[in-house]
Amino acid sequence: MSYDYAVSEAQERHEFLKNWPAAWGDAFQFVVSFDWVDVAKQIDCSQFGIVITTTPWPEYSPFPDGVIARASVAGKTQADVDDAVRRINDLLGLLSLLNYGSRSLRWYCHLTHLGITFGSDLSIRTQELNDCASALRDLSEQERRLVRRALYWLRVAPHRQRESHRTDLIRMFEMYWNAFECVTNAGLLRTPIPKKDRRTIKRELSTEFARLVNQGRLTREDVARIKQIVGGPGQVRKLTFAVSAALKAEDVHKAEIAKFVKQLCGFRNELKHADLDAEDNATLMRAENLIVPFRYLTLDLLLRALGRRGFGGWEWLRIRLAPDSVL
C-alpha cells in the first residue's frame with residue numbers, strides 16, 4: 001500500500017512538472033516568508049542561482065506576508081527541481097546560521113510541498129553567504145551531507161513568533177540536538193578519535209577486573225565501563241572529543257566540556273525515552289538553562305566547520321553563557 005502511494009505521489013509530481021506554469025519562464029518559483037520585514041530591494045544570491053524579489057506572494061498563498069523568489073534551472077525535469085531545492089535549502093540554512101539561528105525560516109512551492117509552513121524576519125549579507133557557500137562546497141562529500149543536515153535542523157529549530165509558548169523549548173532542544181549531532185559527526189570524520197590497540201585494551205580490562213574483585217560486587221556503571229573499554233568510546237566521550245577538537249580547547253577545559261555534554265546527553269535521553277514531564281516548571285527551567293549555551297555551542301561548531309572564526313571558543317561560552325550549568 002505504501003508503494004502504491006509512493007507511485008501515486010511521483011505521478012502527481014510528474015504531472016505538475018508537465019504543467020510548469022508559463023509565468024515562471026525558465027525559473028523555479030517559490031515563496032519565502034520574511035515575517036514583519038519588508039524586502040526593500042531585490043536580492044541577487046548569485047552563488048545559489050537565486051533571486052529574492054520584492055513582489056508579494058498572492059493572498060491565497062500559505063504565506064500572506066511572503067515574497068516571490070526564483071531559482072534558475074537548466075531544464076524542467078525532476079532532477080532540475082531537486083537541484084533547485086538543494087540550493088534553496090543551502091541558502092536558507094546559511095542565512096539562519098549567519099543570523100545565529102535566531103529566527104525560523106521557511107519556503108514553499110506547490111511543486112514540492114504538500115503542507116503549509118511559516119517563517120519570520122532575518123538580515124541578509126550576501127558576501128558572507130557567498131563565502132559560506134564556497135566553504136560548504138569545499139567540504140568532503142560526507143562532511144557536506146552532515147553539515148547540510150545540521151543547517152536544516154538549525155533553521156527549523158526556533159518557534160514561530162505567533163506560537164512562542166514556553167513548551168516550545170522542548171521542541172527547540174530536539175532540533176538543536178539533531179544539528180549538534182550532525183556537525184559533531186562531521187567533525188569526527190575530519191578528526192577521528194584515536195583507536196586503542198589490543199595491548200591497551202587488555203591492560204585497562206585487567207585493571208578494571210582487579211578493581212571489581214576488591215569491590216566485591218558489580219554495578220550498572222561497572223558494566224558500562226567494561227563495555228566502553230571493549231567496544232570503544234560512548235556517546236559522551238565521542239561528543240566531548242568532537243567539541244574539544246573543534247574549539248581547540250585546552251586540557252584544563254575538557255573536564256568542563258565533558259560535564260556540559262553529559263548534561264545535554266542526559267536531558268536528551270530523558271526526552272528520547274519520554275521520561276520527563278514537558279509541562280513541568282522544573283523541566284522547563286532545565287531546558288532554559290541548557291538551550292542558550294547549547295544553541296551558541298552548535299552555532300560555533302557550524303561556523304568553524306565552514307571555516308569561520310566562531311565566538312571565541314570554550315572560554316567565551318563558559319564564562320558568558322552558562323557558568324552555573326558547567327562549573
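Just above, that's the structure.
Residues numbered from 1 in each chain as written. Predicted model: local features only at pLDDT ≥ 70, side-chain atom pairs only at ≥ 80, totals over all residues. Heavy atoms only, no water.

### A look at the pattern of salt bridges
Argument step 1. Taken as a whole and judged by the stated rule, the model has 14 salt bridges.
Argument step 2. With its nearest N and O atoms 3.3 Å apart, the salt bridge here joins Arg86 to Asp90. In this pair, Arg86 and Asp90 are both assigned in helix α2 (residues 78-98), 4 residues apart and thus about one turn of the helix distant.
Argument step 3. On the basis of relative accessibility, which here comes to 33%, the residue Arg86 falls in the partly exposed class.
Argument step 4. With a closest N to O distance of 2.5 Å, Arg211 and Glu208 form a salt bridge. (Salt bridge = Lys/Arg side-chain N within 4 Å of Asp/Glu carboxyl O. Helix = DSSP H or I, 4+ residues; strand = E, 2+ residues; numbered from the N terminus. Buried < 20%, exposed > 50% of the residue type's maximum accessible area, 1.4 Å probe, protein only.)

### With respect to helix α9 (residues 251-272)
Argument step 1. With 22 residues, α9 extends 31 Å between its outermost C-alpha atoms, agreeing within 8% with the 32 Å of an ideal straight helix rising 1.5 Å per residue.
Argument step 2. Turning to α9, its buried residues number three or more, namely His253, Glu256, Ile257, Phe260, Val261, Leu264, Cys265, Phe267, Arg268 and Leu271.
Argument step 3. In the stretch just after α9, Ala274 is the one whose phi turns positive, near 55 degrees. (Expected span 1.5 Å × (residues − 1).)

### Section: the side chain of Thr298
Argument step 1. Tracing the backbone through its elements, the reader meets Thr298 in helix α10 (residues 281-305).
Argument step 2. Under the relative-accessibility criterion, Thr298 is labelled buried at 0%.
Argument step 3. Ignoring anything within four residues of it in the chain, the contact list for Thr298 reads Tyr176, Ala179 and Phe180. (Contact = heavy atoms within 4.5 Å.)

### Details of the nonpolar core
Argument step 1. Phe28 and Phe30 are the most contacted members of the largest nonpolar core, which totals 80 residues.
Argument step 2. No other element matches the 12 residues that helix α5 (residues 168-190) contributes to this core. (Core = buried A, V, L, I, M, F, W, Y, C linked by side-chain atoms within 4.5 Å.)

### Some points on the packing of helix α8 (residues 235-247) against α9
Argument step 1. At a minimum axis separation of 9 Å, α8 and α9 run at an interaxial angle of 130 degrees. Comparing the axis directions of α8 and α9 gives the class oblique. Judged by the sense of rotation from one axis to the other, the crossing of α8 with α9 is right-handed. Residues Gln235, Val236, Leu239, Thr240, Val243 and Ser244 of α8 lie in contact with α9, whose contacting residues are Lys254, Ile257, Ala258, Val261, Lys262, Cys265 and Asn269.
Argument step 2. Of the residues contributing to the contact of α8 with α9, the split by class is 7 nonpolar, 4 polar and 2 charged. (Axes fitted to C-alpha atoms, helices over the stretch in contact; angles between N-to-C directions. Parallel < 35°, antiparallel > 145°, perpendicular 65-115°, else oblique. Left-handed = near helix turned anticlockwise from the far one by under 90°. Nonpolar A, V, L, I, M, F, W, Y, C, P; charged D, E, K, R; others polar.)

### Remarks on the packing of α2 against helix α4 (residues 141-156)
Argument step 1. In the contact formed by α2 and α4, the axes pass within 8 Å of each other and the chain directions differ by 60 degrees. As judged from the angle between their axes, α2 and α4 are oblique. Considering the relative orientation of α2 and α4, their crossing is left-handed. Across the interface between the two elements, Arg86, Asn89, Asp90, Leu92, Gly93, Leu94, Ser96 and Leu97 of α2 pack against Arg148, Leu151, Leu154 and Arg155 of α4.
Argument step 2. Each residue belonging to the contact of α2 with α4 can be placed in one class, and the counts come to 5 nonpolar, 3 polar and 4 charged.

### Digging into the pairing of strand β4 (residues 66-72)
Argument step 1. Burial analysis of β4 places 5 of its 7 residues in the buried class, the great majority of the element.
Argument step 2. Inspection of the sheet shows strand β1 (residues 27-33) paired to β4 by 7 bridges, in the antiparallel sense. Each bridged residue has a counterpart across the sheet, and for Gln29 the counterpart in β4 is Arg70.
Argument step 3. For strand β3 (residues 50-56) and β4, the ladder comprises 4 bridges, and the chain directions are antiparallel. (Pairing = 2+ DSSP bridges.)

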